[in-house]
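Examination of the molecular architecture
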Amino acid sequence: MGNILLKNIENPNSAELCEYRKSGGYAGLQKALGMEPKAIIDEVKKAGLRGRGGAGFPVAMKWTFASADPKFPKYLLCNADEGEPGTFKDRPILEKNPHILIEGMTISGYALGAEYGYIYLRGEYPAAKDILNKAIKQAYEDNLLGDNILGKGVKFHLAVHQGAGAYICGEETALIESLEGDKGQPRIKPPFPVNVGAFAKPTVVNNVETLSNLPYIMEIGGEAYAKIGSPDCPGPKIYCISGHVARPGVYELPMGTPLREIIETHCGGIKGGGRLKAVIPGGISTPVLPPDKIDCPMDFVNMPKHGSMLGSGAVIVMDDTVCMVKVCHRALKFFEHESCGKCTPCREGTGWLRSILGRIEQGEGNEGDIDLLLSVAGNMIGKTFCPLGDGAASVVQNFIKHFRPEFEEHVRLKACPVGK
Amino acid sequence: MITFSQTTIKEIEEIRRKYPTSRAALLPALYVAQREFGWLSPEAYTAVSDLLGVPEAIARGVGTFYAMYRNKPLGRHVVQLCTNVSCMILGAERLVDFLKNKYGLEPGGTTADGRFSLVIMECIGACGTAPAMLVNDDFYENLTEKYIDEILEKYR
Ligand SMILES: Cc1cc2nc3c(=O)[nH]c(=O)nc-3n(C[C@H](O)[C@H](O)[C@H](O)COP(=O)(O)O)c2cc1C
Ligand code: SF4
Ligand code: FES
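Note that this is a predicted model, so its numbers are computed, not measured. (Residues numbered from 1 in each chain as written. Chains lettered and ligands numbered in written order. Predicted model: local features only at pLDDT ≥ 70, side-chain atom pairs only at ≥ 80, totals over all residues. Heavy atoms only, no water.)

This paragraph deals with the sheet that holds strand β4 (residues 138–140) of chain B. Residue and element names in this part refer to chain B. Pairing within the open sheet is mixed, and its 4 strands lie in the order β2-β1-β3-β4. The open sheet has two edge strands, β2 (116–121) and β4, and neither has a second partner. Across the sheet, the axes of successive neighbouring strands diverge by a mean angle of 20°, strand direction being ignored. One ladder, built from 6 bridges, connects strand β1 (residues 77–82) with β2; its direction is parallel. Residue pairing across strands places valine 79 opposite leucine 118, the latter belonging to β2. Helix-sheet contacts for helix α7 (residues 145–153) involve β1, β2, β3 (133–135) and β4, and the interaxial angle to β3 is about 20°. (Pairing = 2+ DSSP bridges. Helix = DSSP H or I, 4+ residues; strand = E, 2+ residues; numbered from the N terminus. Axes fitted to C-alpha atoms, helices over the stretch in contact; angles between N-to-C directions. Contact = heavy atoms within 4.5 Å.)

Next up, the structure:
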């Protein structure tokens with residue numbers, strides 16, 4: 001499979017409109033504007049496209065809810081908050097192929113009946129902001145955005161909204177709060193954003209990578225698209241691999257590529273001939289896997305059957321020099337820092353987990369601390385307002401599940417037994 | 001009393017037009033204020049809140065919620081080093097020590113000459129080329145002690 005989403009990114013001018021058009025760009029939009037909006041949603045349904053932001057929600061279903069709501073105007077928000085640690089898959093689209101996203105959003109906006117779109121871009125991507133703003137300007141100049149797109153009477157306006165360094169704003173209702181000029185704290189659901197979203201209007205939030213699939217689906221049709229990758233969960237997928245592999249980086253592969261193949265074939269295995277110890281397959285919030293559990297197809301349907309989740313497709317590979325208590329502690333430091341403070345189990349729980357992990361790591365752990373961790377985590381799961389708190393607790397549960405002896409040794413030896 | 005320049009007022013008004021409410025322009029306006037005044041001083045909050053007609057308490061609540069707004073003056077150049085897992089397992093902590101020992105830069109601190117501040121970051125989306133940092137708005141990846149020396153040399 002050649003690159004679809006990351007087509008031409010080796011070309012230094014890939015972000016330019018003329019280059020994008022040279023390789024067939026905006027043909028999908030041209031085609032879409034000749035179709036009925038409902039027919040576009042049908043194609044997306046046939047394509048079996050699932051959201052790439054982490055949850056894998058079927059895109060056509062979300063769109064159908066929003067387009068059925070009679071309130072106007074509707075909004076389309078692109079989630080470019082990419083904050084899940086280990087994730088750097090949207091950044092190459094934003095920086096090197098911005099027009100595929102703009103085209104995808106315009107097609108989506110037309111299909112939904114949304115006339116306004118915002119790209120919610122994380123604050124830590126300043127280069128992407130300038131590149132996107134320039135690409136949007138070019139698109140307006142060529143009548144690919146505006147009040148009468150390509151002379152077809154279709155209206156879609158697009159702007160970049162810059163976040164300011166809060167992971168929780170990746171959660172869609174917190175993102176909406178932040179767009180509206182508030183602290184990024186999640187809203188209660190229902191009502192769902194598809195009915196009451198940005199500015200109290202029907203709103204669809206989709207990930208950068210999700211929306212960037214639209215031009216190709218328009219080009220080849222839903223049925224042909226559905227033949228790529230996993231039958232349960234089709235399409236191309238950008239995996240991003242970091243840590244102790246020989247060739248880290250972004251790889252666009254068919255959805256469902258086995259985790260072992262990604263690590264061993266595409267990334268050249270463990271760097272420096274070391275031994276694999278653990279893999280976090282989908283960003284820090286997804287369950288860690290030990291080396292004998294990596295024969296799993298990396299898609300939304302199959303990963304849960306193998307004890308983890310696809311998440312953002314951010315694979316963090318660790319060799320046997322890495323201490324699991326230390327990684328778990330660092331992860332919880334992250335969650336404590338990013339907890340928005342709205343609900344007690346997460347606000348307090350993340351701090352306690354971090355603190356107990358910290359003392360175990362420092363060689364000051366007490367007997368019973370591991371059960372205490374499990375007890376705190378157990379009191380968070382299912383009781384937090386949004387999935388951030390659940391994610392934090394399950395990280396601790398899964399590290400202990402697979403690496404309990406290492407935690408116990410820290411407590412017994414009053415020191416770190418790894419690598420030293 | 002500090003006030004915005006005429007160009008900045010125009011810039012914020014233009015931003016305002018991108019949204020259906022003025023409240024939605026709060027985050028971008030705080031960025032503009034930060035750029036103009038260097039940090040979000042009490043006067044900066046007043047200026048933003050007056051211009052957008054958003055209560056000052058709200059502007060401050062928002063400005064203190066997000067990590068990228070500066071609620072105290074920082075050094076001329078802000079070194080933002082990631083220490084999250086992918087960077088940590090490739091040596092980010094060693095780099096934190098290096099910045100402390102060689103430049104006297106503590107996490108959250110500023111050098112005595114006001115040249116650098118150090119902010120420890122969560123993941124900045126450069127994990128495949130870890131360890132990574134931003135200096136002001138510029139990305140630097142595959143960091144080593146030697147490379148950091150070369151980079152910081154450019155920021156006076
Ligand atoms: C704590 C948290 C952080 C999230 N961060 C992101 C993110 O950075 N990018 C993203 O696209 N989705 C993120 N999501 C998922 C969004 O809430 C939402 O499901 C997604 O943007 C929907 O788009 P999709 O259907 O195209 O995946 C996050 C969810 C949670 C709970
Ligand atoms: S779970 Fe955490 S991040 Fe989510 S609402 Fe509660 S405090 Fe905020
Ligand atoms: S963990 Fe450091 S850039 Fe992602």
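Next comes the rest of the write-up.
Attention now moves to the site of ligand 2. The local shell around ligand 2 holds 13 residues, among which A:Cys340, A:Lys342, A:Cys343, A:Cys346 and A:Cys386 are the closest. Class assignment of the residues belonging to the shell around ligand 2 gives a composition of 8 nonpolar, 4 polar and 1 charged. (Near = heavy atom within 4 Å. Nonpolar A, V, L, I, M, F, W, Y, C, P; charged D, E, K, R; others polar.)

Residues and elements named next belong to chain A. Not every one of the 18 residues close to ligand 1 is listed here, only the nearest: Gly53, Asn79, Asn206, Asn207 and Thr210. The contact in question runs from an oxygen atom of ligand 1 to an N or O atom on the side chain of asparagine 79, over 2.9 Å. Between ligand 1 and threonine 210, the relevant distance is 2.7 Å, taken from an oxygen atom to a side-chain nitrogen or oxygen of the residue. Look at ligand 1: alone it shows 610 Å² of surface, and the protein chains cover 89% of it. Secondary-structure elements contributing two or more residues to the shell around ligand 1 are β5 (203–207) and α16 (387–413). The leading source of residues in the shell around ligand 1 is β5, at 3 residues. (Polar contact = N/O pair within 3.5 Å; in protein donor to acceptor, adjacent residues only side chain to side chain. Areas by Shrake-Rupley, 256 points an atom, 1.4 Å probe, with all protein chains shown as cover.)

The partner chain B presents 37 residues to the 54 residues of chain A that form the contact. Taken over both partners, the interface formed by chain A and chain B buries close to 3400 Å², and the fraction arising from carbon and sulfur atoms is 61%. Its largest share of buried area at the contact with chain B, chain A owes to A:Arg91, A:Ala164 and A:Arg330, together 18% of the area lost on that side. Where chain A meets chain B, there are 4 salt bridges. For A:Lys326, the salt bridge is made with B:Glu93, and the minimal N-O distance between the two is 2.6 Å. Taken together, the elements giving at least two residues each to the side of chain A that touches chain B come down to β2 (114–121), β4 (154–162), α8 (172–179), β6 (236–243), β9 (314–319) and α13 (324–338) of chain A. (Buried area = accessible area lost by both parts, 1.4 Å probe. Salt bridge = Lys/Arg side-chain N within 4 Å of Asp/Glu carboxyl O.)

Further remarks concern the nonpolar core. The biggest cluster of nonpolar side chains holds 86 residues, and the ones touching the most others in it are A:Leu77, A:Val327, A:Leu332, A:Phe335, A:Phe399, A:Phe407 and B:Tyr66. The greatest single-element share of this core, amounting to 10 residues, is contributed by α16(A). Looking at this core, you find at least three residues from each of domain 1 (6–65) and domain 2 (77–153) of chain B. Once residues lying within four places of it in the same chain are set aside, the contact partners of A:Phe335 are A:Tyr167, A:Ile284, A:Ser285, A:Thr350, A:Leu388, A:Gly391, A:Ala392 and A:Val395. Among the nonpolar cores identified, the runner-up in size contains 69 residues, and A:Ala32, A:Trp63, A:Ile102 and A:Ile228 belong to it. (Core = buried A, V, L, I, M, F, W, Y, C linked by side-chain atoms within 4.5 Å. Buried < 20%, exposed > 50% of the residue type's maximum accessible area, 1.4 Å probe, protein only. Domains from an automatic or database assignment.)

Turning next to the packing of aromatic side chains. Applying the stated criterion across every chain yields a total of 17 aromatic pairs over all chains. Centroid distance A:Tyr118 to B:Tyr19: 5.4 Å. Interplanar angle 5°. Geometry classified as stacked. With A:Tyr118 in strand β2 and B:Tyr19 in the loop between α1 (6–16) and α2 (26–37), this residue pair bridges two chains. Both residues of the pair, A:Tyr118 and B:Tyr19, count as buried. Aromatic side chains B:Tyr31 and B:Tyr69 sit 5.1 Å apart centroid to centroid with 55° between the ring planes, which places their arrangement in the tilted category. Taken together, the residues span a long stretch of sequence, with B:Tyr31 in helix α2 and B:Tyr69 in the loop between α4 (56–65) and β1 at a distance of 38 residues. B:Tyr69 carries the same exposure label as B:Tyr31, and that label is buried. Members of the aromatic cluster, each reached through a chain of ring pairs, are A:Tyr75, A:Tyr116, A:Tyr118, A:Phe199 and B:Tyr19. (Phe/Tyr/Trp six-rings, centres within 6.5 Å; stacked < 30°, edge-to-face > 60°.)

So, about the pattern of salt bridges. All names here are of chain A. Taken as a whole and assessed by the stated rule, the structure comprises 36 salt bridges over all chains. Between arginine 21 and aspartate 142 there is a salt bridge, and its shortest N-O distance comes to 3.1 Å. Remark: aspartate 142 occurs in the loop between α7 (126–141) and β3 (146–149) and arginine 21 occurs in helix α1 (residues 17–22); sequence separation between them is 121 residues. Residue aspartate 142 is classed as partly exposed on the basis of its relative accessible area, which comes to 36%. Overlapping salt bridges, with partners in common, bring together Lys62, Glu171, Glu172 and Lys189 in one network.

With that settled, the discussion passes to the confidence of the model for chain B. Of all residues in chain B, 99% attain a pLDDT of 70 or more, and the chain-wide mean is 96. Here the predicted complex carries an ipTM of 0.97, next to a pTM of 0.98. (pLDDT = per-residue confidence, 0-100.)

Moving on: unusual backbone geometry. Residue and element names in this part refer to chain A. Put simply, phenylalanine 72 and proline 73 share a cis peptide bond, and its omega is -10°. Within the element layout of this structure, proline 73 appears in the loop between α4 (59–68) and β1 (74–80). Of note, the bond from proline 190 into proline 191 is cis; its omega dihedral lies within 30 degrees of zero at 0°. In this fold, proline 191 is placed in the loop between α8 and β5. Even without being a glycine, asparagine 8 presents a positive backbone phi close to 65°. Mapped onto the elements of the fold, asparagine 8 is located in the segment before α1. The class for asparagine 8 is partly exposed, based on a relative accessible area of 30%. One non-glycine residue, asparagine 143, lies in positive phi territory at about 65°. Following the sequence through the fold, asparagine 143 ends up in the loop between α7 and β3. Residue asparagine 143 is classed as partly exposed on the basis of its relative accessible area, which comes to 32%.

Frequently, the measure chosen for interface size is the accessible area removed from exposure when the parts meet. Domain boundaries assigned for chain B yield domain 1 (6–65) and domain 2 (77–153). The straight-line distance from the C-alpha centre of domain 1 of chain B to that of domain 2 of chain B is 29 Å.

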